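So you can see what is in the structure, the chains are spelled out below.
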Amino acid sequence: MTVPQPSAEEIARRLSEAMRGALDLFSVYIGDQLGFYRLLVSGGPATSMQLAERAGTNERYTREWLEQQAVTGFLAVDDPTKPVTERVFSLPAGYEAVFVDPDSFIGMAQGAQILVGTVKPLPALLEAFRTGAGVPYDAYGPDLAGGQARFNRPMLLHQLAQDYIPVMPDIDARLRADPPARVADIGMGMAWSSIGLARGYPKITVDGFDLDAYSVEQANANVAAEGLRDRVVCHCRDAGDPELAGQYDFALAVECVHDMANPVAVLSAMRRLVGPGGTVLIVDDRADESFLPNGTDQERVLYGFSILHCLPVGMGDSTSAQTGAVMRPDTFRGYAAEAGFSKVEILPVEHEGFSFYRLTA
Ligand SMILES: C[S@@+](CC[C@H](N)C(=O)[O-])C[C@H]1O[C@@H](n2cnc3c(N)ncnc32)[C@H](O)[C@@H]1O
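Bear in mind that the values here come from a model prediction, so they are computed numbers and not experimental data.

Draft legend 1. Structural view of the site of the ligand. Taken together, 22 residues form the shell around the ligand, and within it Gly187, Gly189, Asp212, Ala239 and Cys256 come nearest. No other element matches the three residues that helix H8 (residues 141-158) contributes to the shell around the ligand. Here the residues of the shell around the ligand sort into ten nonpolar, seven polar and five charged.

Draft legend 2. Structural context of the nonpolar core. Of all hydrophobic cores here, the largest spans 101 residues; its most connected members are Ala251 and Met270. Here this core spans two domains, since at least three of its residues come from each of domain 1 (8-96) and domain 2 (114-360). For Ala251, the residues in contact, after removing those within four places along its chain, are Val183, Ala184, Ile186, Met270, Leu273, Val274 and Val280.

Draft legend 3. Region of the structure containing the sheet that holds strand S4 (residues 205-210). The seven strands lie next to each other as S5-S4-S3-S6-S7-S9-S8, forming an open sheet whose pairing is mixed. Looking along the sheet, the strands with just one partner apiece sit at the ends: strand S5 (232-236) and strand S8 (343-346). For this sheet, the mean angle separating the axes of adjacent strands, direction not counted, is 20°.

Draft legend 4. Region of the structure containing the packing of helix H6 (residues 109-119) against H8. Packing of H6 against H8 brings their axes to within 7 Å, and their N-to-C directions diverge by 150°. Accordingly, the angle class assigned to the pair H6 and H8 is roughly antiparallel. Where H6 crosses over H8, the handedness of that crossing is left-handed. Across the interface between the two elements, Gln110, Gly111, Gln113, Ile114, Val116, Gly117 and Thr118 of H6 pack against Gly141, Asp143, Leu144, Gly146, Gly147, Gln148, Arg150 and Phe151 of H8.

Draft legend 5. Structural context of the pairing of strand S6 (residues 250-254). Of all five residues in S6, five are buried, a share of seventy percent or more. Covered by surrounding structure in S6 are Phe250, Leu252 and Val254 together with Ala251 and Ala253, the residues of both alternating faces. Note that strand S3 (residues 182-186) and S6 share four bridges and pair parallel. Counterpart to Asp185 in the pairing with S6 is Leu252. Note: S6 against strand S7 (residues 279-285), four bridges, orientation parallel. Pairing of Leu252 across the sheet is with Leu281, part of S7. With helix H13 (residues 263-274) bridging S6 and its parallel neighbour S7, the resulting β-α-β unit is right-handed.

Draft legend 6. Region of the structure containing the pairing of S3. Of all the five residues making up S3, four are buried; the element is thus mostly covered by neighbouring parts of the structure. In this sheet, S4 lies alongside S3 in parallel orientation, the contact comprising five bridges. Looking at S4, one finds that Ile186 is bridged to Phe209.

Draft legend 7. Seen up close, helix H3 (residues 48-55). Looking only at H3, the buried set comprises Ser48, Leu51 and Ala52. Relative to the axis of H3, the buried residues are bounded by an arc of 100° and lie together on one face. Contacts from the buried residues of H3 go to helix H2 (36-42) and helix H4 (59-72). Looking one or two places after H3, you find Gly56, whose phi comes out positive at around 70°.

Draft legend 8. Representation of the domain arrangement of the protein chain in the model. Taken domain by domain, the protein chain holds domain 1 (8-96) and domain 2 (114-360). Measuring from the centre of the C-alpha atoms in domain 1 to the corresponding centre in domain 2 gives 35 Å.

Draft legend 9. Broad picture of the packing of H13 against helix H15 (residues 329-338). Two numbers describe how H13 lies on H15: the axes approach to 8 Å, and their chain directions differ by 55°. Regarding the angle of H13 to H15, the classification is oblique. When the axes of H13 and H15 are compared, the crossing they make is right-handed. For the pair formed by H13 and H15, the contact residues are Pro263, Val264 and Leu267 on the first element and Tyr335, Ala336 and Glu338 on the second.

Draft legend 10. View of unusual backbone geometry. With an omega of -10°, the peptide bond between Asp178 and Pro179 qualifies as cis. Here Pro179 lies in the loop between helix H10 (169-176) and S3. Its identity is not glycine, yet Glu255 carries a phi of approximately 45°, on the positive side. Checked against the element boundaries, Glu255 lands in the loop between S6 and H13. Here Gln322, not a glycine, exhibits a phi torsion of approximately 55°, which is positive. Residue position: Gln322 is located in the loop between helix H14 (297-314) and H15. What makes Gln322 exposed here is the crowd of 11 C-beta atoms within 10 Å.

Draft legend 11. Looking closely at H8. Under the 1.5 Å per step criterion, the end-to-end length of H8 is 27 Å for 18 residues, consistent within 8% with the ideal 26 Å. At Asn152, H8 shows its largest kink, close to 45°, and the proline Pro154 lies no more than four residues downstream. Check the buried side of H8 and you find it contacts H6, helix H9 (160-164), helix H11 (192-200), helix H12 (213-225), S6 and H14.

Basis of the calculations
- Residues numbered from 1 in each chain as written.
- Predicted model: local features only at pLDDT ≥ 70, side-chain atom pairs only at ≥ 80, totals over all residues.
- Near = placed C-beta within 6 Å.
- Helix = DSSP H or I, 4+ residues; strand = E, 2+ residues; numbered from the N terminus.
- Nonpolar A, V, L, I, M, F, W, Y, C, P; charged D, E, K, R; others polar.
- Core = buried A, V, L, I, M, F, W, Y, C linked by C-beta atoms within 7 Å.
- Buried ≥ 20, exposed ≤ 12 C-beta atoms within 10 Å, placed from the backbone.
- Domains from an automatic or database assignment.
- Contact = placed C-beta atoms within 7 Å.
- Pairing = 2+ DSSP bridges.
- Axes fitted to C-alpha atoms, helices over the stretch in contact; angles between N-to-C directions.
- Parallel < 35°, antiparallel > 145°, perpendicular 65-115°, else oblique.
- Left-handed = near helix turned anticlockwise from the far one by under 90°.
- Right-handed = clockwise from strand over helix to strand, strands pointing away.
- Arc of directions from axis to C-beta.
- Expected span 1.5 Å × (residues − 1).
- Bend = angle between axes of the 7 residues up to and from the residue.

Dropping the structure here:
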């Protein structure tokens, strides 16, 4: 099958636009990390000196950033003809949803943070391409793990328990019933899924398991800040460990099976945790059924993250399944069958980025 190729000029135009987009994103990272957007909301419109004082930053750098933000259209300026140090900059009404609000579904500061984290270990990544070695998750640093957690947080806090679990009425009922249900949250990152479930189902207890020590530390801090320490505990643990034991009424894993070096070992562990007939929910990036050149935006995003992060973190050991972010439904069905599940069902959930697989042990 031949797919028409865009002209060289179209590709050059697209990359030139992407270059401006990348500069926008890195400028958003600066504003996010230094608290500029947040301080423009909490303290109101500001001159460069006022914002620098609020943020504890240098005035000249802050002024250049403010002007750059106004030129790219993210900030408003009261009067561009004023002398530079007298111009007053503000975040236009409604833009907090993009730059500040952690629960917004259109937040993009977290997207900037993920991208910065994704390119952190580029020299090691180039070497990994040559040698076939992996790049450890922690080499991507707090920006990758933190940006990832922020990115999924709105969905995990406001849709998982409210909209997605009820698609499985039997599980929804069990999580509301007595005796209180026990839930295993595999690869829970910074625990927004565990917290979302514990908030939505006030009787349940949740055990989270994640390999990444920094994420587990942040997870337990988030749990404590939410006042949920009596019902949610996060453990630093390889979920593929054959010794992982326990009895749970439900287990889930959000956006992590494709990252795992050994997804079958983890799925087998989840099957054991819920016992015969039990239910496991896997939420993972939605890939098309098959490979197609000049693909969809979703496939472009998945392959982009796959080459930079998801494949390298999963290549860590010689037994790796070498999955990557583009885990096609057939690949996943194969893993689930190998792990001993009797049934795989794709739930009827409308989500632009994720597939929801219900597995029966
Ligand atoms: C892309 S993050 C997703 C985190 C979280 N579920 C979320 O949605 O924000 C993938 C997570 O899987 C974890 N992970 C990968 N392999 C694992 C394993 N074998 N056992 C436990 N956690 C693992 C990583 O440490 C990381 O926190």
